[in-house]
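Residues per chain are reported as follows:
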Amino acid sequence: MPAEKFIPFARPTISPAAIAEVAACLRSGWLATGPRAAKFEEMLRAYFDTPHALCCVSATLGLWMALKALELQPGDEVITTPLTFVASLNTIVLAGGTPVLADVDRGTYNMDPAKVAAAITKRTRAIMPVHFAGCPVDLDAIYALAKKHRLRVVEDCAHAMGAEFKGRRVGSFGDVQVFSFHPNKNMTTGEGGCVVTRDAKLARRIEIQRFHGADRASWKTQPHPEGLSEFCVHVDTVEAGLKSNFMDLQAALGIHQLPALAGFNKKRGALAARYLQKLRGIPGLSLPAAPRYKHTHAWHLFTPVVERHAKVNRDTLIVELKKRQIGAGVHYIACHLLSFYQKNYGWRRGDFPVAESISDGILSLPLFPLLTLRDQDRVVRALREILG
Ligand SMILES: *Cc1c(COP(=O)(O)O)cnc(C)c1O
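Q: Please clarify how the overall build of the protein chain should be interpreted in this entry.
A: On a plain count of helices and strands, the protein chain comes out with 13 helices and 12 strands. A globule of 388 residues ought to have a C-alpha radius of gyration of about 21 Å, and the protein chain, at 22 Å, matches this closely. In terms of its C-alpha atoms, the protein chain occupies a principal-axis envelope of roughly 75 × 55 × 40 Å. Buried positions account for 53% of the 388 residues belonging to the protein chain.

Laid out in structure tokens, this is it:
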């Protein structure tokens, strides 16, 4: 019998038109921030119906810039979830804040607003919800808390391109949202991210931070007498900034990915519905649950949990899947179990029991628009064989 081909857990869909656009960009000679980046940002502003969409090298830098723009003071707390990619916590630390964790809901794996409420102190400045796997957090509850306690909200939307909360697109309302265009995410620009906000002051601070601390807005109002172009020596530096600007090469992909996103997500949704149906009843495997409110799930990941009483544990299951040429990921080990956070924040196993029970058994099954039903059936069969 011929060896079966490997099924990865994620894989981007790149159209011939996108490849042609990248080639055209290369031939144009303009590779860094230029007309294609401007066009992609304009498309994102229209998509999110927002005045400000700032693309940058990654969602990690986007989160950091958004938090940095809040001017956190030492001791200022930002509440997030333990069940997230470590970038959520790292950026809080790097922006000068103190991460505080609120445990999650067992069904949706999203931060539990009641736990967030309980974690608010006099030092709380912001809440960072993470729409886990593309399932929208209860934003009504989060924004109600933010309003009551005068907090900022920075949504980690790395999984949430195309998600909707009660009929509204995630990113089209609220305070600040940060999206990722990493190749594993719902749409990609290679690496890349975008900060969306309706706050002009915050957008200006992010724009300054994005490019060397240069205040291009003030430069534009005072053109050089000899008409020198932008990026010349006469752009003033108003703070020490990093360099996180977006390349036209990345935008060349994004310009073609954004219009395809709805189709990608439709495929993801259909595959997720199929997993939910076909994996039901496998002993020791629990499936993600939907929130009660009206929503559109972006299905970035499909993440069942291997329960403690299952025939094999999660790590063994991943090894067994790999033997059958099937890739799986772990998203995520709860952040309070990571050594940097244990050492510096005193967190221990037992502190966030719901996140731990998920973290100990969670795995990400193959889910991407090009996954064939035949390959998905292979995944289902393998799970039944290993766990059944
Ligand atoms: C992927 C991811 C990020 C970081 O995105 P990059 O674009 O890779 O920097 C942040 N938060 C979450 C929850 C993610 O999944």
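Q: How should I be thinking about the sheet that holds strand β6 (residues 164–165) in this particular structure?
A: Strand-to-strand pairing in sheets goes through backbone hydrogen bonds, with the strands running parallel or antiparallel. In space, the three strands of this open sheet follow the order β7-β6-β11, with antiparallel pairing throughout. Looking at the sheet topology across the chains shown, the edges are occupied by β7 (168–169) and β11 (295–296). Here β6 pairs with β7 via two bridges, running antiparallel. Residue pairing for β7: Phe165 is matched across the bridge by Arg168.

Q: Honestly, helix α2 (residues 35–48) in this entry has me stumped. Any pointers?
A: For an α-helix, the turn length of 3.6 residues means that residues three or four places apart are oriented alike. Over its 14 residues, α2 runs 20 Å from end to end, which matches the ideal 20 Å to within 8%, given 1.5 Å per residue. Of the residues making up α2, those classed as buried are Arg36, Ala37, Phe40, Glu41, Leu44, Tyr47 and Phe48. Along the axis of α2, the buried positions cluster into a sector of 135°, meaning they face one direction only. For α2, exposure combined with an orientation more than 90 degrees from the buried face picks out Pro35, Glu42 and Ala46. Of the residues trailing α2, Asp49 is marked for its positive phi of about 50°.

Q: Explain the packing of helix α3 (residues 59–68) against helix α4 (residues 87–94) here, please?
A: Across the interface, α3 lies against α4 with an axial gap of 9 Å and an inter-helix angle of 40°. Comparing the axis directions of α3 and α4 gives the class oblique. Crossing handedness for the pair α3 and α4: right-handed. Together, Thr60, Leu63, Trp64 and Leu67 of α3 and Ala87, Ser88, Thr91, Ile92 and Leu94 of α4 make up the contact between the two elements. Grouping the amino acids of the contact of α3 with α4 by side-chain chemistry returns six nonpolar, three polar and no charged.

Q: What is the right way to look at the side chain of Thr81 in this model?
A: One can find Thr81 in the loop between β2 (77–80) and α4. Overall, Thr81 belongs to the buried group, its relative accessible area being 1%. Within the structure, Thr81 has its side chain in polar contact with the backbone nitrogen of Leu83 (distance 2.9 Å). When residues no more than four places from it in sequence are discounted, the contact partners of Thr81 are Leu89, Leu101, Ala102, Val104, Met111, Met128 and Val130.

Q: When you look at the pattern of salt bridges in this model, what are you seeing that I'm missing?
A: Pairing is possible between side chains of opposite charge, provided their charged atoms come close. The final tally for this structure, using the stated rule, is 21 salt bridges. The salt bridge partner of Arg125 is Asp76, with a shortest N-O separation of 3.1 Å. Remark: Asp76 occurs in the loop between α3 and β2 and Arg125 occurs in strand β4 (residues 124–127); sequence separation between them is 49 residues. Relative accessible area serves as the criterion here: at 26%, Arg125 is assigned to the partly exposed category. Between Asp175 and Arg152 there is a salt bridge; the shortest N-O distance is 2.8 Å. With Asp175 in the loop between β7 and β8 (176–180) and Arg152 in strand β5 (residues 152–156), the pair connects residues that are 23 residues apart, well separated along the chain. Taking relative accessible area as the criterion, Asp175 reaches 15% and is therefore assigned buried. Owing to a relative accessible area of 23%, Arg152 belongs among the partly exposed residues under this scheme. Beyond isolated ion pairs, a larger network of salt bridges with shared partners links Glu4, Lys5, Asp375 and Arg378.

Q: Explanation requested: the sheet that holds strand β1 (residues 52–56) in the structure shown.
A: Pairing is mixed in the open sheet, where seven strands are placed in the order β1-β9-β8-β5-β4-β2-β3. Looking at the sheet topology across the chains shown, the edges are occupied by β1 and β3 (98–101). Pairs of neighbouring strands in the sheet enclose a mean axial angle of 25°, with direction left out of account. The pairing of β8 with strand β9 (residues 193–197) spans five bridges and is antiparallel. Bridge assignment links Val176 to a residue of β9, and that residue is Thr197. Packed onto the sheet, helix α7 (residues 200–210) meets β1, β5, β8 and β9 and runs at close to 20° relative to β1.

So, how was this worked out
- Residues numbered from 1 in each chain as written.
- Predicted model: local features only at pLDDT ≥ 70, side-chain atom pairs only at ≥ 80, totals over all residues.
- Heavy atoms only, no water.
- Helix = DSSP H or I, 4+ residues; strand = E, 2+ residues; numbered from the N terminus.
- Rg over C-alpha atoms; globule rule 2.2 N^0.38 Å.
- Buried < 20%, exposed > 50% of the residue type's maximum accessible area, 1.4 Å probe, protein only.
- Pairing = 2+ DSSP bridges.
- Expected span 1.5 Å × (residues − 1).
- Arc of directions from axis to C-beta.
- Axes fitted to C-alpha atoms, helices over the stretch in contact; angles between N-to-C directions.
- Parallel < 35°, antiparallel > 145°, perpendicular 65-115°, else oblique.
- Left-handed = near helix turned anticlockwise from the far one by under 90°.
- Contact = heavy atoms within 4.5 Å.
- Nonpolar A, V, L, I, M, F, W, Y, C, P; charged D, E, K, R; others polar.
- Polar contact = N/O pair within 3.5 Å; in protein donor to acceptor, adjacent residues only side chain to side chain.
- Salt bridge = Lys/Arg side-chain N within 4 Å of Asp/Glu carboxyl O.

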